[in-house]
Amino acid sequence: MAFLLKDLIKKQAPLASGHRMCAGCPAPVIVKQVLMSTDHPKVCTNATGCLEVATTIFPFTSWKVPWLHIAFENSAAAVSGVEAAYHGLANKGELPEDMKNAKFIAFGGDGGTYDIGIQALSGALERGHNMLYVCYDNEGYMNTGIQRSSATPIGANTTTTPVGSQSYGKREIRKDLLSIVVAHHIPYAATCAPHDWMDGMKKSQKAIETEGPAFLNYFSPCIPGWKIPADAWRKLSELAVKTCFWPLIEVENGKWSLTGESKRIADGKAEKVPAVEFMKNQGRFKHLFTQKKDDVLALIQADIDRSWDFYRKMAGY
Amino acid sequence: MSSGRFIAVDGADTAAFAMKQIDPDVVAAYPITPQTEIVMKFSEYVANGEVKTRYVTVESEHSAMSACVAAAAAGARAMTATAANGLALMWEILYIAASYRLPIIMGVANRALSGPINIHGDHSDAMGARDSGWVQLYSENNQEVYDNYIMALKIAEHKDVMLPVMVNQDGFITSHSVENVEPLTDEQVRDYIGKKPAHFKGLLTYGKPVTIGPLDLQDYYFEHKMQQHTAMQKVLPVIKEVQEDYFKKFNRKYEIIEKYKADDAEMVIVGMNSVMGTVKDLVDELREKGVKIGAIKPRVFRPFPKNEIADILKNFKAVAILDRADSFGSFAPLYAETLAAMYKFEKRPYIRSYIHGLGGRDTTMELLGTVANDLIKMKDSGEGHLSEAYLGVR
Amino acid sequence: MKEQKKSWNELPIGGSILEAGNSKNYFTGTWRTFKPVHNAKLCINCYFCWMHCPDDSIVIENGKVTGMDLDHCKGCGVCAEVCPKKAITMEKEEK
Ligand SMILES: Cc1ncc(C[n+]2csc(CCOP(=O)(O)OP(=O)(O)O)c2C)c(N)n1
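We now turn to the structure provided with this report.

About the criteria used
Residues numbered from 1 in each chain as written. Chains lettered and ligands numbered in written order. Predicted model: local features only at pLDDT ≥ 70, side-chain atom pairs only at ≥ 80, totals over all residues. Heavy atoms only, no water. Pairing = 2+ DSSP bridges. Helix = DSSP H or I, 4+ residues; strand = E, 2+ residues; numbered from the N terminus. Phe/Tyr/Trp six-rings, centres within 6.5 Å; stacked < 30°, edge-to-face > 60°. Buried < 20%, exposed > 50% of the residue type's maximum accessible area, 1.4 Å probe, protein only. Lys NZ or Arg CZ within 6 Å of the ring centre and 35° of its normal. Contact = heavy atoms within 4.5 Å. Buried area = accessible area lost by both parts, 1.4 Å probe. Salt bridge = Lys/Arg side-chain N within 4 Å of Asp/Glu carboxyl O. Polar contact = N/O pair within 3.5 Å; in protein donor to acceptor, adjacent residues only side chain to side chain. Nonpolar A, V, L, I, M, F, W, Y, C, P; charged D, E, K, R; others polar. Patch = residues over 30% accessible without salt bridge, like charges linked within 9 Å, V, L, I, M, F, W, Y side chains within 5 Å. Areas by Shrake-Rupley, 256 points an atom, 1.4 Å probe, with all protein chains shown as cover. Near = heavy atom within 4 Å. Core = buried A, V, L, I, M, F, W, Y, C linked by side-chain atoms within 4.5 Å. Domains from an automatic or database assignment.

1. Some thoughts on the sheet that holds strand 1 (residues 42-46) of chain A
Item 1. As summarised here, the arrangement of the nine strands in space is 10(A)-9(A)-7(A)-8(A)-4(A)-3(A)-1(A)-2(A)-9(B), forming an open sheet in which the pairing is mixed. Each end of this open sheet is capped by a strand with a single partner; those strands are strand 10 (255-258) of chain A together with strand 9 (211-212) of chain B.
Item 2. Here two bridges tie strand 2 (residues 67-69) of chain A to strand 9 of chain B, and the two strands are oriented parallel to one another. Looking at the pairing, L68 of chain A lines up with I212 of chain B of strand 9 of chain B.

Here it is in structure tokens:
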């Protein structure tokens, strides 16, 4: 189903203003895209991280849906518990009318998802809860001051992979979380980039309406973490897709496909842009340019080419 | 009125049976010896449709407690069970369960916390969690396990309390010993626990969107801790009220601290859980020989019944405190807290600490006999006062 | 705004917040160094700014963008960046 902005603006936004996310952080936009994609009653859980901290500083909350945070590594276990409560109450005829057909959505950053939370995520996916897990991937532990995560790309300068005389930043390639998730044989998994809001909302809607577990990995540029201007997220989200750094993928019942610009690139209808175009205006990669680390830039391009080839093949190209 | 019907079960099955009668909305649990039998038995109840519970077979204890917190925060009755390393893996979330004021019930089949790894009974697991904000009930035998479970729910969900409750029983010694238990009937339990009280509301049942678990900084965190502190202080009166009501309804008498042949005693042995069965046997034996000895058994360790225990102990000449856990580098837990509670009196009994039974080592009549001999010596001479022993260590 | 903070026995238990979306009462507009200025003449009401605004600060009345909620807008400038008609410009905040 297509979404029309003229209809969406009439609905209540799920997150109120007055939250303390950094100016220009797209995570609230991701929440908006996910939660506005269906009209079901929704209950959310959130891992510790920027989104949780900055939207619920007591006595203020920005959330207009029922929302729970427990800890860093357990957003998926938390959503399992809420979903179980739904069924437990329903079994006894104690589920309130306003919660009939409720949907359960977990949010977590890449640290809370790829790293410390991967066990809880894997458990929840395997158990088959009727839920959606959304990772907003800003490629680092931003809440604690920009440390590397297993989602941080090679070459990035972070506070635990600082650039130094013996270091060009992070040395390891990103973990392929999507493939890990897909290996659980869940009905729906996809990647999204918030500049392509229509793609993101369609995937969110499918993910929420799918019976059983679903997963979205949402690209989320970070203003202070990537050392980029406050108005940069949209452009960078677009470039991440155009360079195939962040392909738009959908895996429905094990069938992989590409969507949006990624599909156009795979179909030969659009150019795959060189990775430097995505990297050159980000402070976290600046040293690679000022120190002329062409070898590292080549490594990054090679890594993107490798993963793009893999995803293309998976999608039948 | 009690049911008058007995079943022969071990402590773990007793716990599972009580859980079945409570029929919680959600159970999320993970197996660990010696608790495993609780979850296996409960799984059978689920498999046979004997409960309406949604059972979540989580992938770890961390997720078990997380799912229980979430379920309770959603407005559901949630229960789990664990032991030792499993309880340790829950640690972080135990504090959060209590802070969010969620009336979760958890059975613990007390087991030594590694290492080296050991599967047998001691209290190092529960004692480590004593500052997590959970109410801790202790059970000497299977009947107490049963009654503690049923009362735990009433205590946890009381409007002045709204705190999680841990029901402890000794791993193997209780969890795997078959005894006769007289349960209430299903109807009795159902009527007794009733529906969830109106003040117990959550994400699914509030009727409006609420935020649970926000970031709580310097300007409000302290106030929330004060609420928690105050709730904990209300627990003992609530337990008393619940125990009295339980007695009235089912003719089963429980007190926060059980006194056994203590009225005219000069000396007492204080301890918790299964060892107190053996202590009582010893008391019986010595009483026949004319030794004025008794036993004191706190059933509640959190909140610590400090005034109750001090008022009971103050008139004895000599007191031995049995701890089935060490607090390395300090006083053993029950001993430490008893000492602190006694400080308010000028005249205090001679008192001595015994750490016993670590890693499931049997605390025999013979060993306890040496404790009694120590007490007999200490009561007149003061010899051994304030000393600390590892009972029976080679 | 000098607010009287509640004492422990006046707060809901457990740290819960019972008023959804009450962060509206917290003003992040003071963070701004640049402010968005909306030109209704150029605006085609495509609502791209609304979709991209992280702070729910695009004011829409009867289907028309009428300006920004300056109590909350942090001045990130994404609305100006995304506007296809350059109907939003960022101007230095005068304070
Ligand atoms: C068990 C535990 N370990 C560490 C932390 C500290 N911590 C809080 S948030 C965070 C990083 C969050 O990173 P991510 O999940 O990527 O989310 P982001 O802050 O980037 O949005 C860390 C390390 C914690 N709260 N709990």
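Now, onward.
2. Observations regarding the packing of aromatic side chains
Item 1. Enumeration over the complete set of coordinates arrives at 24 aromatic pairs over all chains.
Item 2. Here the aromatic rings of W63 of chain A and F107 of chain A are separated by 6.0 Å at their centres, their planes lie at 50 degrees, and the arrangement is tilted. Residue W63 of chain A is located in the loop between helix 3 (50-55) and strand 2, and its partner F107 of chain A is located in strand 3 (residues 103-109); the two are separated by 44 residues in the primary sequence.
Item 3. For F107 of chain A, a relative accessible area of 1% corresponds to the buried category.
Item 4. Connected via pairs of aromatic rings, a cluster forms that spans F219, W226, F245, W246 and F278 of chain A.
Item 5. Above the plane of the ring of W50 of chain C lies K32 of chain A, whose end atom (NZ or CZ) is 4.6 Å from the centre.

3. Some details on the interface of chain C and chain B
Item 1. Each side of the interface is counted separately: chain C has 14 residues, and chain B has 18 residues.
Item 2. Together, the buried faces of chain C and chain B total about 1,500 Å²; carbon and sulfur atoms form 63% of this surface.
Item 3. There are zero salt bridges connecting chain C and chain B.
Item 4. Where chain C touches chain B, the interface holds five residue pairs in polar contact (both at pLDDT 80 or more).
Item 5. Classifying every residue of the side of chain C that touches chain B by side-chain character gives seven nonpolar, four polar and three charged.

4. Things to note about a nonpolar patch on the surface
Item 1. Taken together, the side chains of F328, Y390 and V393 of chain B present a nonpolar region at the surface, about 360 Å² in accessible area.
Item 2. Mapped onto the secondary structure, V393 of chain B falls in the segment after strand 16 (388-390).

5. Details of the site of the ligand
Item 1. Taken together, 18 residues are adjacent to the ligand, and G111, G112, Y136, G140 and N143 of chain A come closest.
Item 2. Each of chains A and B places residues near the ligand.
Item 3. A distance of 2.8 Å is found between an oxygen atom of the ligand and a backbone nitrogen or oxygen belonging to G111 of chain A.
Item 4. Contact distances for the ligand include 2.8 Å between an oxygen atom and a backbone N or O atom of G112 of chain A.
Item 5. When the ligand is considered free in solution it has 590 Å² of accessible area, and contact with the protein chains removes 78% of it.
Item 6. No other element matches the three residues that helix 5 (residues 110-115) of chain A contributes to the shell around the ligand.
Item 7. Along the lines of polarity and charge, the residues of the shell around the ligand split into six nonpolar, nine polar and three charged.

6. Considering the environment of K6 of chain A
All names here are of chain A.
Item 1. Here K6 lies in helix 1 (residues 5-8).
Item 2. For K6, a relative accessible area of 48% corresponds to the partly exposed category.
Item 3. Spatially, the C-alpha atom of K6 lies 29 Å from that of E252, the residues being 246 residues apart in sequence.

7. Points about the interface of chain A and chain B
Item 1. Across the boundary between the two partners, chain A contributes 42 residues, which contact 44 residues of chain B.
Item 2. Taking both partners together, chain A and chain B bury about 3,300 Å²; carbon and sulfur atoms supply 64% of that area.
Item 3. On the chain A side of the contact with chain B, F58, I70 and K92 of chain A bury the most area, a combined 19% of that side's loss.
Item 4. At the boundary of chain A and chain B, one finds four salt bridges.
Item 5. Linking K196 of chain B and E94 of chain A is a salt bridge whose minimum nitrogen-to-oxygen distance equals 2.7 Å.
Item 6. Taken together, the connections running from chain A to chain B amount to 16 residue pairs in polar contact (both at pLDDT 80 or more).
Item 7. Of all the secondary structure elements, the ones that give two or more residues to the side of chain A that touches chain B are helix 3, strand 2, helix 4 (75-91) and helix 6 (118-127) of chain A.
Item 8. Top element by residues in the side of chain A that touches chain B is helix 4 of chain A. It accounts for 12 residues.

8. A look at helix 10 (residues 233-242) of chain A
All names here are of chain A.
Item 1. Of all 10 residues that make up helix 10, eight are buried, and the element is covered over most of its length.
Item 2. Residues of helix 10 that are buried: W233, R234, L236, S237, E238, L239, A240 and V241.
Item 3. Of the residues trailing helix 10, C244 is marked for its positive phi of about 65 degrees.

9. Details of the nonpolar core
Item 1. Ranked by internal contacts, the top residues of the largest apolar core, which has 186 residues, are L68 and F215 of chain A together with M65, Y149 and L313 of chain B.
Item 2. Each of two domains, domain 1 (7-249) and domain 2 (257-390) of chain B, supplies a minimum of three residues to this core.
Item 3. Not counting the four nearest positions on each side in its chain, M65 of chain B is found in contact with T80, M90, I93, L94, A97, I104, M106 and W134 of chain B.
Item 4. Judged by nonpolar contacts, the second largest core, of 27 residues, contains L51, V65, I105 and A190 of chain A.

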